[in-house]
Amino acid sequence: MRLRNIPGSREVIAENRYCIPETESPKGDWHSIFGNSHPIHIEIGMGKGKFLMALARQNPQINYVGIEKYSSVLLRGLQKLEEEPIDNIRFIRMDAENITEMFDKDEVAHIYLNFSDPWPKDRHAKRRLTSRQFFTLYDKILQKDGIVEFKTDNNNLFDFSLEEVEEAGWKLDAFTRNLHEDKSMNQGNIMTEYEEKFSAKGNPIYKLIASR
Ligand code: SAM
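Note that the coordinates shown come from a computational prediction; the quantities given were computed from them, not determined experimentally. (Residues numbered from 1 in each chain as written. Predicted model: local features only at pLDDT ≥ 70, side-chain atom pairs only at ≥ 80, totals over all residues. Heavy atoms only, no water.)

Take the side chain of His110 next. Within the secondary structure, His110 sits in strand β4 (residues 108-114). Separated by 3.0 Å, the side chains of His110 and Glu149 make a polar contact. (Helix = DSSP H or I, 4+ residues; strand = E, 2+ residues; numbered from the N terminus. Polar contact = N/O pair within 3.5 Å; in protein donor to acceptor, adjacent residues only side chain to side chain.)

Before going further, it helps to examine the layout of surface pockets. It is a probe the size of a water molecule, rolled over the atoms, that shows where empty space is left. By volume, the largest pocket is sized at about 750 Å³. Residue lining of the largest pocket: 39 residues in total, with Gly45, Phe115, Ser116, Asp117 and Leu129 positioned closest to the centre. Mapped onto the lining of the largest pocket, the elements with two or more residues apiece are β1 (40-44), α3 (50-58), β2 (63-68), α5 (132-141) and α8 (193-200). For the lining of the largest pocket, the class distribution of residues is 17 nonpolar, nine polar and 13 charged. (1 Å grid on protein atoms, 1.4 Å probe; cavity = no way out; pocket = protein on both sides within 12 Å on 5 of 7 lines; lining within 4 Å. Points joined across faces, edges and corners; volume = space filled by probe spheres on them. Nonpolar A, V, L, I, M, F, W, Y, C, P; charged D, E, K, R; others polar.)

What follows deals with the sheet that holds strand β7 (residues 206-211). Strand pairs in the sheet, formed through backbone hydrogen bonds, run parallel or antiparallel to each other. The mixed open sheet is built from seven strands, whose spatial order is β3-β2-β1-β4-β5-β7-β6. Strands with a single pairing partner mark the edges of an open sheet, and in this sheet they are β3 (89-93) and β6 (171-176). Sheet twist, expressed as the average angle between the axes of neighbouring strands with direction ignored, equals 15°. Pairing of β1 with β2 involves five bridges; the strand directions are parallel. For Glu43, the partnering residue across the bridge sits in β2 and is Gly66. Running at roughly 160° to β3, helix α4 (residues 71-83) makes contact with β2 and β3 of the sheet. Against the sheet, helix α6 (residues 155-167) contacts β5 (142-152), β6 and β7, and its axis sits at roughly 15° relative to β7. (Pairing = 2+ DSSP bridges. Axes fitted to C-alpha atoms, helices over the stretch in contact; angles between N-to-C directions. Contact = heavy atoms within 4.5 Å.)

A few words on the packing of aromatic side chains. A full pass over the atoms with the stated rule returns 11 aromatic pairs. Arranged with centres 6.4 Å apart and planes meeting at 45°, the rings of Phe158 and Phe175 form a pair that is tilted. Of the two residues, Phe158 is situated in helix α6 and Phe175 in strand β6; the sequence distance between them amounts to 17 residues. For Phe175, a relative accessible area of 42% gives the class partly exposed. Aromatic ring contacts, followed pair by pair, group Phe134, Phe135, Tyr138 and Trp170 into a single cluster. (Phe/Tyr/Trp six-rings, centres within 6.5 Å; stacked < 30°, edge-to-face > 60°. Buried < 20%, exposed > 50% of the residue type's maximum accessible area, 1.4 Å probe, protein only.)

Below, the discussion takes up the site of the ligand. For the ligand, the set of nearby residues contains 17 residues, the closest of which are Gly45, Glu68, Ala96, Thr192 and Tyr194. Here Glu43 contributes a side-chain N or O atom positioned 3.2 Å from a nitrogen atom of the ligand. Take Asp95: an N or O atom from its side chain is 3.0 Å from a nitrogen atom of the ligand. Here the ligand, which alone exposes 600 Å², has 96% of that area covered by the protein. The cavity that encloses the ligand is the largest pocket. Across the shell around the ligand, the residue classes tally to seven nonpolar, four polar and six charged. (Near = heavy atom within 4 Å. Areas by Shrake-Rupley, 256 points an atom, 1.4 Å probe, with all protein chains shown as cover. Sits in = over half its atoms within 2 Å of the grid points.)

One recurring pattern in soluble globular proteins: nonpolar side chains tend to sit buried together. Ile42, Ile44, Ile92, Phe103, Ile111 and Tyr138 are the most contacted members of the largest nonpolar core, which has 36 residues in total. Those elements that place two or more of their residues in this core are α2 (30-34), β1, β2, β4, α5, β5, α6 and β7. Filtering out sequence-adjacent residues up to four positions away, Ile111 remains in contact with Ile42, Ile44, Tyr138, Ile141, Leu142, Ile147, Val148 and Glu149. (Core = buried A, V, L, I, M, F, W, Y, C linked by side-chain atoms within 4.5 Å.)

The structure is reproduced here in structure tokens:
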């Protein structure tokens, strides 16, 4: 998702109370940001944040951090938050490749990856958020019993991700190639913006859950 650049979006984000500047990393001290010691769940590539905001409203006992590379996209999420404030959510504008600079060992309980960019060229495989290189980063911030959940409508990216879970030495806890028809995996499913768009076109939604 790459919206047209919105002039001034970086400045708005820098001053917004929901945004944590990448340069002021609370690594190891996230609980002082939220004022409690609730578990931290993150979404990488959150887009406009619809999914994460719905989760945060549903689960006040969990703290949510959304990570998004582009300020123009993240700005849309902030606008929604200003209309309907939520205490247990924060955003960071950053590239996920720097994720270990923002979170300490064992600081994250759950990672969501939704409709991540497919990077179809082989030479860009390591940029995919489900590549073994990214699983190595997740290993550094995720609690021992932590979980990675990934949804996509992209068949090739899904096959690649299944292989990478194994290559990275992680366990595949569950997977489906038709989430919306899978009663148990679809229970409590919150549709992301892209999920709504692609399932309306008739695309099946793939999902995997991985742990160590
Ligand atoms: N998760 C949302 C959804 O399912 O509706 C948005 C999906 S959109 C296709 C992928 C989003 O991930 C884009 O907003 C993109 O900017 C962001 N993204 C891609 N690579 C990223 C990275 N390395 N770090 C942070 N965000 C990234």
